[in-house]
Amino acid sequence: MENRSNFGSKLGVILASAGSAVGLGNVWRFPTEVGNNGGAAFILIYLLCVVFVGVPVMVSEFLIGRHTHANTISAYQKLAPGTWWRYEGVAGVFIAFLILSYYVVISGWTLYYFVLSLTGYFAQGKDYVACFSSFVSHPVQPIVYAAIFMLMTHLVISKGVESGIERFSKVMMPMLLFIIGILVVCSFGMPGASDGLSFLLRPDFSKVTTNVVLSAMGQAFFSLSLAMGCLCTYASYFGSDTRLVKTAFSVSAIDTVVAILSGFIIFPAVFSVADVEVNAGPGLVFITLPNVFYLAFSHMPVVGYVFSGLFYVLLLLAALTSAMSLHESVTAYVHESMHLSRRRSAALVSVSCMLLGVGCSLSFGPWSDYTVFGMTMFDLFDFVASKIIMPLGGIVICLFVGWKLDRKLVRDELTNGGTLRFRFFRFYLFLVRWAVPLAIALIFIHELLG
Ligand code: TRP
């Protein structure tokens, strides 16, 4: 095979991986889940899931990718030729493709709302519920926005790893962090912000059920971009001096801080508008927040403008860097295994994924009556990906690294050939062999039976 590209710097490695992790999952999905599942209690369970489940799985994915320097499907084939393990790679790439198809739909909404914010739309005090539902159920408009977003992702991916993914992540991630800082200040300045803060900080354990735990775990997997080959693919571009464990901790930390700060942006703001519900579901950032922006506009137009505009830029940047990783996971496979050029592979993935995206978008409008098990296409894709394949994928990855791979190979990868110390190696092995698979399986089975 031709020389494979690599990330050029350590900062590039961290920012690209963090770019994958930080996405709509942090800014849109996390606050929604927190709102639905009892506020601070959910956050505590989420933190436990990140540290004890997320980080070990991430380390495992990193080591598989970096050791093989191959796309996810080939990685499993290289490590365990001719065995069933290869289906883990296949499932990952396939589901990354499904996730991308609905991810671009929501990202398209974000793009539309960004355009609206530029036109001063949120200063006008409309019925934002009606506006949102008429937009998402429109048969053409949201598809156009999704297609523009897909094109943006496509352009970055077709530029390649170092001059595409790495270069853009290095610009976009610092911008994103800076914007978050400004938005937290805006949100804290809203009247009634303290109610939102106490909702986030005071745990209510009466709401905690196994479903809440499964949701927290699903959210951790989704937010950390686990089990779909994204991080495994990125790790295949890591250099031999990249410290895998340290990188996994840094990426998880950045991701978690961004998720919690997003809570700090959204809840104080939301509580400032008395009559909206906290658990407003997917409408949170598209219905509830516009009301908040309207309120901000009526107090101080400049704040309203900055707040609304920057918020949607934030979502857009977050979405773009994540969509890039989902795209890359599939493109790397098509490029390397089907012997197509990188540009052609990227084009093939963009177009075919967009076709599915059209279906997801229509499922909010003309196709909303077509359901499977009571779920529309969009809901079905999200359910299959985050509630079924992700937990199962997590179990398989752990078992693969814990039982199938040679212990020496694992240790060598984690210590960069013995040059680093890794004091918790035994604990890590215990986690991936027993604790994590069992924990995921228990929660998963309980949920299925319940
Ligand atoms: N982690 C991203 C987010 O928080 C989404 C994402 C990117 C993802 N790659 C993934 C989710 C792989 C699951 C698997 O929005």
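One numbering rule holds for all chains: residues counted from 1, following each sequence as written. Totals for whole chains, interfaces and linings use every residue, but because this is a predicted model, local features are given only for residues with pLDDT of at least 70 and side-chain atom pairs only at 80 or more, for both listing and counting. Only hydrogens and water are removed before side-chain values are computed, so all heavy atoms of the structure are retained for them.

Draft legend 1. Representation of empty space enclosed by the protein within the structure. In this analysis, the protein atoms alone were mapped onto a 1 Å grid. Cavities are point sets where a 1.4 Å probe fits without being able to get out; pockets are open sets with protein on both sides within 12 Å along at least five of seven lines; lining residues have an atom within 4 Å of a point. Grid points are joined across faces, edges and corners, and a volume is the space filled by probe spheres set on the points. Enumeration according to the criterion identifies two cavities of 30 Å³ or more in this entry. Strands here mean DSSP runs of E at least two residues long; helices mean DSSP runs of H or I at least four residues long; both are numbered from the N terminus. Within the residue set of the lining of the largest cavity, elements represented by two or more residues are helix H1 (10–21), helix H2 (24–36), helix H5 (86–118), helix H10 (210–223) and helix H14 (301–337). At three residues, H14 tops the list of elements feeding residues into the lining of the largest cavity. The class makeup of the residues in the lining of the largest cavity is nine nonpolar, eight polar and no charged. For the second largest cavity, the calculated volume is near 40 Å³. Lining the second largest cavity, in full, are Glu 61, Thr 72, Tyr 76, Glu 88, Gly 92, Ala 227, Met 228, Gly 229, Cys 232 and Ile 397. Among the elements of the structure, helix H4 (72–79) and H5 are those that each provide at least two residues to the lining of the second largest cavity. Classification used: nonpolar for Ala, Val, Leu, Ile, Met, Phe, Trp, Tyr, Cys and Pro, charged for Asp, Glu, Lys and Arg, polar for all others including Gly. Across the lining of the second largest cavity, the residue classes break down as five nonpolar, three polar and two charged.

Draft legend 2. Up close: unusual backbone geometry. Phi at Ala 227 takes a positive value of approximately 70°, unusual for a residue other than glycine. When you line up the elements, Ala 227 lands in the loop between H10 and helix H11 (230–235).

Draft legend 3. Region of interest: the site of the ligand. A single heavy atom is enough: if one lies within 4 Å of a molecule or strand, its residue is considered near that molecule or strand. Surrounding the ligand, one finds 18 residues, the nearest of these being Ala 21, Gly 25, Tyr 103, Phe 222 and Ser 225. A distance of 3.5 Å is found between a nitrogen atom of the ligand and a side-chain nitrogen or oxygen belonging to Ser 325. Considered on its own, the ligand offers 360 Å² of accessible surface; in the complex 100% of this is hidden by protein. Spatially, the ligand is embedded in the largest cavity. For the shell around the ligand, the secondary-structure elements that each account for two or more residues are H1, H2, H5, H10 and H14. Partitioning the shell around the ligand into residue classes produces ten nonpolar, eight polar and no charged. Pairs of N or O atoms within 3.5 Å make up the polar contacts considered here, provided that, within protein, one atom can donate a hydrogen while the other can accept it, and that residues adjacent in sequence are counted only when both atoms are side-chain atoms. Using a 1.4 Å probe, the Shrake-Rupley method yields the accessible areas, and only the shown protein chains count as cover for residues. By definition, a pocket or cavity contains a molecule when more than half of the molecule's atoms lie within 2 Å of the pocket's grid points.

Draft legend 4. Structural detail: the packing of H10 against helix H16 (residues 377–404). Angular values range over 0 to 180 degrees, each being the angle between N-to-C directions of two axes fitted as lines to C-alpha atoms, with helices fitted over their stretch in contact. Where H10 contacts H16, the two axes come as close as 10 Å, and the packing angle between them is 70°. The angle between H10 and H16 falls in the class roughly perpendicular. Between H10, through Asn 211, Leu 214, Ser 215, Gly 218, Phe 221 and Phe 222, and H16, the contact on the second element is made entirely by Ser 386, Lys 387, Met 390 and Gly 394. Along the lines of polarity and charge, the residues of the contact of H10 with H16 split into four nonpolar, five polar and one charged. For classification purposes, an angle smaller than 35 degrees is called roughly parallel, one larger than 145 roughly antiparallel, one from 65 to 115 roughly perpendicular, and anything else oblique. Any two residues whose heavy atoms approach within 4.5 Å at even a single point are treated as in contact.

Draft legend 5. Structural detail: helix H7 (residues 141–158). How far a helix is expected to stretch is found by multiplying one less than its residue total by 1.5 Å. With 18 residues, H7 extends 26 Å from end C-alpha to end C-alpha; this agrees with the ideal 26 Å at 1.5 Å per step. Where H7 is buried, its residues meet H5, helix H6 (128–136), helix H8 (161–188), H14 and helix H15 (342–362). Just beyond H7, the residue with positive phi is Gly 160, at close to 105°.

Draft legend 6. Representation of helix H17 (residues 407–414) in the model. By the burial criterion, the buried members of H17 are Leu 409, Val 410, Glu 413 and Leu 414. One side of H17 carries all its buried residues, which in axial view fall inside an arc of 125°. Considering only its buried residues, H17 is in contact with helix H3 (40–68), H4, helix H12 (244–271), H16 and helix H18 (425–449). Residue Asn 416 follows H17 closely and has a positive phi angle near 50°. Think of it in three bands: with a 1.4 Å probe and only protein chains considered, a residue is buried below 20% of the maximum accessible area for its type, exposed above 50%, and partly exposed in between. The arc in question is traced by the directions running from the helix axis to the C-beta atoms.

Draft legend 7. Structural context of the packing of aromatic side chains. Two aromatic rings from Phe, Tyr or Trp, using only the six-membered ring of Trp, form a pair when their centres are within 6.5 Å; if the ring planes differ by under 30 degrees the pair is stacked, by over 60 it is edge-to-face, and anything between is tilted. Enumeration according to the criterion identifies 42 aromatic pairs in this entry. Considering the side-chain rings of Phe 7 and Phe 238, the 6.3 Å spacing of their centres and the 45° angle between planes classify their relative orientation as tilted. Separated by 231 residues along the polypeptide, Phe 7 in the segment before H1 and Phe 238 in the loop between H11 and H12 bring together distant segments of the chain. In this structure, Phe 7 and Phe 238 share a single accessibility class: buried. Judged by centre distance (6.1 Å) and plane angle (80°), the ring pair of Phe 188 and Phe 264 falls under edge-to-face. Taken together, the residues Phe 188 in helix H8 and Phe 264 in helix H12 connect sequence positions 76 residues apart. Residue classification places Phe 188 among the partly exposed residues on the basis of a relative accessible area of 39%. It is Arg 29 that lies over the ring of Phe 222; its NZ or CZ is 4.5 Å from the centre. By definition, being over a ring means that NZ of Lys or CZ of Arg is both within 6 Å of the ring centre and within 35 degrees of the ring normal.

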